[in-house]
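Each chain, written out:
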Amino acid sequence: MAEILDGLKVSKEIKQEIKAEVEKIVAGKRRAPHLVAILVGNNGASKAYVNAKVKDCEEVGFQSSLVKFPSTVSESELLEKIDELNKSKAVDGFIVQLPLPDQIDQEKIINAIDPRKDVDGFHPENFGKMALEMETFLPATPFGILTLLERYNIETKGKDCVIIGRSKIVGRPMSILMGRKDFPGNSTVTLTHSYTKDIEEYTKKADIVITALGDPHFLKGDMIKEGAVIVDVGITRVDNDSPKGYYLAGDVDFDSCAAKASWITPVPGGVGPMTRAMLMKNTIIAYKTSVYND
């Protein structure tokens, strides 16, 4: 039976470490790091996620601000706010919660963010630096997965790693990071996606499988080899007859995979809390390296 890669436990440890660092900063008569979140519209999942980020800021001692716009906001209005945040000496990092309404060019918004304040790690400059193994902000979810593997001392060097899903937020950066010359890294990486034929032929040979597909229970126990490490990034609401009316499911069929795997992340409580913790980590990195923080 697999052991659990407990993202909830590790994320709490990381937030405690950040909190201790912030307490030292404030004790030295300096302002606390400041994270701003921009929320457009009333998407329930986005609101819940942003509210959780605000709560995380409170836990670690950051100053946080939430900027809300209606779903009808124009692209120019949003760009104006981003320009204001870019120039503000009181703001260390900010995020624009995705997805955005159809009238707004998402790429234009991401490109408008000052790379030095891009704590989501989505700006092309930061993505390029990551690919070149230069110091930069890593996207929060891949950063969280790397940190989880590191804290549990999961061997990655020389291992066969299969990534399922090629999104710019998780799959693609994860494939780059697992192949980098570092720990975690130095893996032989295969990036699979919706057009990959017979995915199980790849997953059955993999020492590590990282799935970010958004397809509940996709990865079954008969698709992995004995002793594999399974990281489940997927999280989907599945309707049922419970009082809530739904449950949260990952991409992994947990019971069948846990019976064969050596390590596995749960859903919830695995990658999700790590993503939020690494956003806090990126923010304090931004604070410490900011050209404005004299």
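Residues numbered from 1 in each chain as written. Predicted model: local features only at pLDDT ≥ 70, side-chain atom pairs only at ≥ 80, totals over all residues. Heavy atoms only, no water.

Taken in spatial order, the 6 strands line up as 1-11-8-7-5-6 in an open sheet, and their pairing is parallel. Every other strand in the sheet has two partners, leaving strand 1 (3–4) and strand 6 (188–192) as the edge strands with one partner each. (Pairing = 2+ DSSP bridges. Helix = DSSP H or I, 4+ residues; strand = E, 2+ residues; numbered from the N terminus.)

What follows is about the UniProt feature "domain: Tetrahydrofolate dehydrogenase/cyclohydrolase NAD(P)-binding" (unreviewed entry) in the protein chain. Mapped onto this numbering, the UniProt entry gives "domain: Tetrahydrofolate dehydrogenase/cyclohydrolase NAD(P)-binding" (unreviewed entry) at residues 139–289. Secondary structure within residues 139–289 divides into 32% helix and 19% strand; the distance between the first and last C-alpha atoms comes to 17 Å. (UniProt positions renumbered as here; feature names shortened; annotations may be inferred.)

Another aspect to go through is the UniProt feature "binding site: NADP(+)" (unreviewed entry) in the protein chain. Mapped onto this numbering, the UniProt entry gives "binding site: NADP(+)" (unreviewed entry) at Gly 165, Arg 166, Ser 167 and Ile 235. Residue classification places Ser 167 among the partly exposed positions, given a relative accessible area of 32%. Discounting chain neighbours no more than four positions away, the residues touching Ser 167 are Arg 172 and Pro 173. Within the local environment of Ser 167, its side chain forms a polar contact with the backbone nitrogen of Val 170, the two atoms lying 3.0 Å apart. Among the structural elements, Ile 235 can be located in the loop between strand 8 (229–232) and strand 9 (236–239). Every residue in contact with Ile 235, bar those within four places of it in the chain, is listed here: Leu 248, Ala 249 and Val 267. (Buried < 20%, exposed > 50% of the residue type's maximum accessible area, 1.4 Å probe, protein only. Contact = heavy atoms within 4.5 Å. Polar contact = N/O pair within 3.5 Å; in protein donor to acceptor, adjacent residues only side chain to side chain.)

For the rest of this paragraph, the subject is the sheet that holds strand 4 (residues 93–96). Spatially, the 3 strands line up as an open sheet ordered 3-2-4, and their pairing is parallel. What marks the edges here is a single partner per strand, and that holds for strand 3 (63–69) and strand 4. Strand-to-strand twist in this sheet, taken as the mean axis angle between neighbours without regard to direction, amounts to 15 degrees. In the sheet, strand 2 (residues 34–40) pairs with strand 3 via 7 bridges, with the strands oriented parallel. Bridge pairing links Val 36 to Ser 65 in strand 3. The strands that helix 3 (residues 75–87) touches are strand 2, strand 3 and strand 4; relative to strand 2, the one it contacts most, it runs at about 180 degrees. (Axes fitted to C-alpha atoms, helices over the stretch in contact; angles between N-to-C directions.)

Turning our attention to the pattern of salt bridges. For the coordinates displayed, the defined rule picks out 16 salt bridges. One salt bridge in this structure joins Arg 151 and Glu 13, with 4.0 Å as the shortest N-O distance. Within this pair, whereas Arg 151 is found in helix 6 (residues 140–151), its partner Glu 13 is found in helix 1 (residues 7–27), the two being separated by 138 residues in sequence. In this structure, the salt-bridge partner of Glu 17 is Arg 151, at a minimum N-O distance of 3.0 Å. Note that Glu 17 is positioned in helix 1 and Arg 151 in helix 6, a separation of 134 residues in sequence. Residue classification places Glu 17 among the partly exposed residues on the basis of a relative accessible area of 38%. (Salt bridge = Lys/Arg side-chain N within 4 Å of Asp/Glu carboxyl O.)

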